[in-house]
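Residue-level listing of the chains:
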Amino acid sequence: STRLANGLAARGVAKGHTVATITDNHEDLVVAFFAINKVGGIWVPINTAYRGEFLRHQMAESGASLVICEEEYLPNLLPVVDQLPAVRAIIVCGQAGQHRARVTILSLDEVRGTDDTPPAATVAPRDISCLIYTSGTTGPSKGCMISHGYLCSLGRQRNRSAPSQGDNWITWSCLPLFHIAALGTVLISNLLAGERAAISRRFSVSVFYSAARRTAV
C-alpha cells in the first residue's frame, strides 16, 4: 500500500483529496483503501452496480479527481466521464487497453511503482477516511463523512461483541467493501484484533462451501 500511496501522491493526491474506486472485493481494493488513507486522502467506494445518473451523481458530488476502476466496470464509467470535469485520470485494475476518453487512462501497475518511502502525511482520528454513500431510497444518495476514529470505534465494538479466538480465528465475508458493514466490522475489526479475514469477491451459492473449506473458516 505504501508503493501505491506514493504513486497516488506523485499524481497529485494529497490530504483531503478524494479518490473513487469502482471494483469488486479483492486485494487491490483493500490496498487502495490503505494507500489513499496513507497520504491523507479520502476514499470514495462506489457501488459497482451503478451506472448512468446514479454513478454520475456520486462521482460528481465527491469531487474525485482520480478513479480506480476494475476493467469490467469501465463501460459504465466512460459514458459519464465527460460530465465529470474534476476527473483527471482513470486507473484500471486489469488491462488498461485502448479507450477513447478525454482523461488519462493508466494501469494500476503503472501507478503502483516501487517507492517504499513512508508517506509524510499526518492523519488524525478526526480526519475523514472515506465517504460512504447511502442507498438513495429517499432521494439522491448522500455521502456520509466517516472519520478514522469512527471506523476504529466500529471495529472495537465488533471485537467486544465477538472477542478474538486467537490465531486460528478467520472472518469470512462476501459483503461488498463499498458498504460500511464490511469495512468497519470485517476489515478494520480484524486489523485491530490482529486476526485474518477472508473476503470473497461476491456471494455465490455454488462456491460458498468450497471457499469456506479453502480459507479454513
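Scroll up to find the structure this text is about.
Residues numbered from 1 in each chain as written. Predicted model: local features only at pLDDT ≥ 70, side-chain atom pairs only at ≥ 80, totals over all residues. Heavy atoms only, no water.

(A) Focus on the environment of glutamine 58. Inspection of the secondary structure assignment puts glutamine 58 in helix α3 (residues 52-62). Sequence separation of glutamine 58 and leucine 183 is 125 residues, and the distance between their C-alpha atoms is 19 Å. Beyond its immediate sequence surroundings of up to four residues, glutamine 58 is in contact with Ile46, Tyr50, Tyr133, Thr134 and Ser141. At 3.3 Å, the side chain of glutamine 58 forms a polar contact with the side chain of serine 141. (Helix = DSSP H or I, 4+ residues; strand = E, 2+ residues; numbered from the N terminus. Contact = heavy atoms within 4.5 Å. Polar contact = N/O pair within 3.5 Å; in protein donor to acceptor, adjacent residues only side chain to side chain.)

(B) Examining α3 more closely. If you check which residues of α3 are buried, you get Leu55, Arg56, His57, Gln58, Met59 and Ser62. On its buried face, α3 is in contact with β1 (18-22), β2 (42-45), β3 (66-70), α4 (74-77) and β6 (128-133). Where α3 terminates, the next one or two residues include glycine 63, which has phi positive at roughly 70 degrees. (Buried < 20%, exposed > 50% of the residue type's maximum accessible area, 1.4 Å probe, protein only.)

(C) The pattern of salt bridges, seen in detail. All told, the structure shown has eight salt bridges when counted by the stated rule. Within the structure, one salt-bridge network assembled from shared partners comprises Asp24, Glu70 and Arg201. (Salt bridge = Lys/Arg side-chain N within 4 Å of Asp/Glu carboxyl O.)

(D) The arrangement of helix α1 (residues 2-10) in detail. Restricting attention to buried positions, one finds in α1 the residues Thr2, Leu4, Ala5, Asn6, Gly7 and Leu8. The secondary structure elements touched by the buried residues of α1 are α2 (27-38), β3, β4 (89-93) and α5 (108-112). With its phi angle positive at about 95 degrees, glycine 12 sits one or two positions after the end of α1.

(E) How the structure looks around the side chain of asparagine 190. Mapped onto the fold, asparagine 190 is located in helix α7 (residues 180-193). Polar side-chain contacts of asparagine 190 include one of 2.7 Å to the backbone oxygen of arginine 196. If near-sequence neighbours (up to four positions away) are discounted, asparagine 190 is found in contact with Arg158, Thr171, Glu195, Arg196 and Ala197.

(F) Local environment of the packing of α2 against α7. The contact between α2 and α7 brings their axes to 13 Å, and the two run at 75 degrees. In terms of their interaxial angle, α2 and α7 are classed as roughly perpendicular. Residues Val30, Phe33 and Phe34 of α2 lie in contact with α7, whose contacting residues are Leu183, Leu187, Ile188 and Leu191. (Axes fitted to C-alpha atoms, helices over the stretch in contact; angles between N-to-C directions. Parallel < 35°, antiparallel > 145°, perpendicular 65-115°, else oblique.)

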